[in-house]
Amino acid sequence: MAEDSDQERTEPASARRLEEARQKGNIARSRELATFAVTMTGVASLVLMGPQFIDFLQKLVRDGLTFDRKLLLHPHHMLEMLYKMCADALLAFFPFMAAVTIAAIVSPLLLGGWLLTFEALEPKFSKLNPFSGLKRMFSVSALVEGAKAILKSLLIGGVAGWVIWQERGEFLALISESPYSGFSHTAALVSFTLEVVAGSMIILVLIDVPFQLWNYQRSLRMTKEDVRRESKEAEGSPEIKARIRSLQREAARKRMMQEVPKADVIVTNPTHYAVALKYQSNTMRAPTVVAKGAHLLAERIIELGEENRVTVMRAPPFARALYFHAELGEEIPAKLYTAAAEVLAYVYQLRHYRQFGGQQPGLPETLPVPHELDPEATSAPHNT
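Undergrad: Describe the overall build of the chain, with residues and values.
TA: For the chain, the helix and strand inventory stands at 16 helices and four strands. Counting over 384 residues, the chain shows a buried share of 29%. Long-range pairs, those at least 24 residues apart, make up 74% of the contacts in the chain with a sequence separation of at least 6. Counting only carbon and sulfur atoms, one obtains 62% of the accessible surface of the chain, whose full area is about 25,500 Å².

Undergrad: Could you give me a rundown of the layout of surface pockets, with the residues and numbers involved?
TA: Of the pockets and cavities examined, the second largest pocket occupies roughly 330 Å³. The wall of the second largest pocket is formed by 16 residues, among which Leu-46, Gly-50, Ile-54, Ala-187 and Ser-191 lie closest to the centre. Within the residue set of the lining of the second largest pocket, elements represented by two or more residues are α3 (31-65) and α9 (179-200). Among the elements that line the lining of the second largest pocket, the one with the most residues is α3, at eight residues. In the lining of the second largest pocket, the residues fall into 13 nonpolar, three polar and no charged.

Undergrad: Now, about the environment of Gly-293: what can you tell me, with residues and values included?
TA: Relative to the assigned elements, Gly-293 resides in strand β3 (residues 288-294). What makes Gly-293 buried here is its relative accessible area of 2%. Taking the C-alpha atoms as reference, Gly-293 lies 9.8 Å from Thr-268; in sequence the two are 25 residues apart. Ignoring anything within four residues of it in the chain, the contact list for Gly-293 reads His-272, Tyr-273, Ala-274, Ala-298, Ile-301 and Tyr-323.

Undergrad: Outline the sheet that holds strand β2 (residues 273-278), listing residues and values.
TA: Pairing is mixed across the open sheet formed by four strands, whose spatial order is β3-β2-β1-β4. For this open sheet the edge positions go to β3 and β4 (311-314), each flanked by a neighbour on one side alone. Each strand axis lies, on average, 20° off the axis of its neighbour in the sheet, ignoring direction. Sheet analysis places strand β1 (residues 265-268) next to β2, joined by four bridges and oriented antiparallel. Bridge assignment links Thr-268 to a residue of β2, and that residue is Ala-274.

Parameters at a glance
Residues numbered from 1 in each chain as written. Predicted model: local features only at pLDDT ≥ 70, side-chain atom pairs only at ≥ 80, totals over all residues. Heavy atoms only, no water. Helix = DSSP H or I, 4+ residues; strand = E, 2+ residues; numbered from the N terminus. Buried < 20%, exposed > 50% of the residue type's maximum accessible area, 1.4 Å probe, protein only. Contact = heavy atoms within 4.5 Å. Areas by Shrake-Rupley, 256 points an atom, 1.4 Å probe, with all protein chains shown as cover. 1 Å grid on protein atoms, 1.4 Å probe; cavity = no way out; pocket = protein on both sides within 12 Å on 5 of 7 lines; lining within 4 Å. Points joined across faces, edges and corners; volume = space filled by probe spheres on them. Nonpolar A, V, L, I, M, F, W, Y, C, P; charged D, E, K, R; others polar. Pairing = 2+ DSSP bridges. Axes fitted to C-alpha atoms, helices over the stretch in contact; angles between N-to-C directions.

Shown next, in the form of structure tokens:
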């Protein structure tokens, strides 16, 4: 049962899946919204520019039927006149065509935004599969599209029939009107009918747009296994991440070991912990930890220090405090300044003794390490 639930598309599409679908040209679209936008733009343009269109058509008919003696004497003028009439018609109707074209381009942006991709044009033999075609024919989307087509026919036909029936008296009265007034009256009736019919299409838009958004999201739903796989691909395989962390630790360890020969002193536990300190008075405010480690790594730090004649000093409380409270590459805590000063003083005296001789310095017996910084001191029971 758990495996079946993992294969059910119950999870919403992730941002990555939506982006991949968009790159393939798969975005939410509503044909009804585009049709409504283009139709309403055309009707509005006709209403606004109707008087100019009527005047132009009247002039075009009048000029076309006007007898001109030159046409009889020079028939080639007829072709010139035809060219001129066509150019005037294109110029007169250009604003209308431009408005409709802009509406056709802009209307898809209202739902899915602008998208330019050629992947949807690539040939796919899977589209020729008859079983897939039958499946699409009887899918939820196909049923909804069929229902919308029936509803559209009933709606537009019903509204148009109702308007014509309501205006039947005015349509019949056109017979008794003069040509000019009848032409204007007819244009007004047709314009009103178009406005009502086109406006009724908003019902289809209000139904289609939510359905297209819901169907688009439903088609991109993911299974729980898809979500896990995508998360793993985004974050990386645990094995690969573990390998990367291992390589990073190894690289950091190598860099750290390269700093050991440059240290001034190595403080040890003596075998559990080892911390290498370096101090340069002209560039550092306080001693800095250049290397630290426990157990085998501590032994390696001590060996490397001895090979490079770095002073190795046994100071268990100080070593533990440094290991647990001082970060690699950073200055030691201020509470350990006094202990570090005594250690460095001993190191400098030891160097002087080795170079010039004299009295050998004594190893500091007890360093001032606060009890709260020493794990073993804080964990030991207090004597009362």
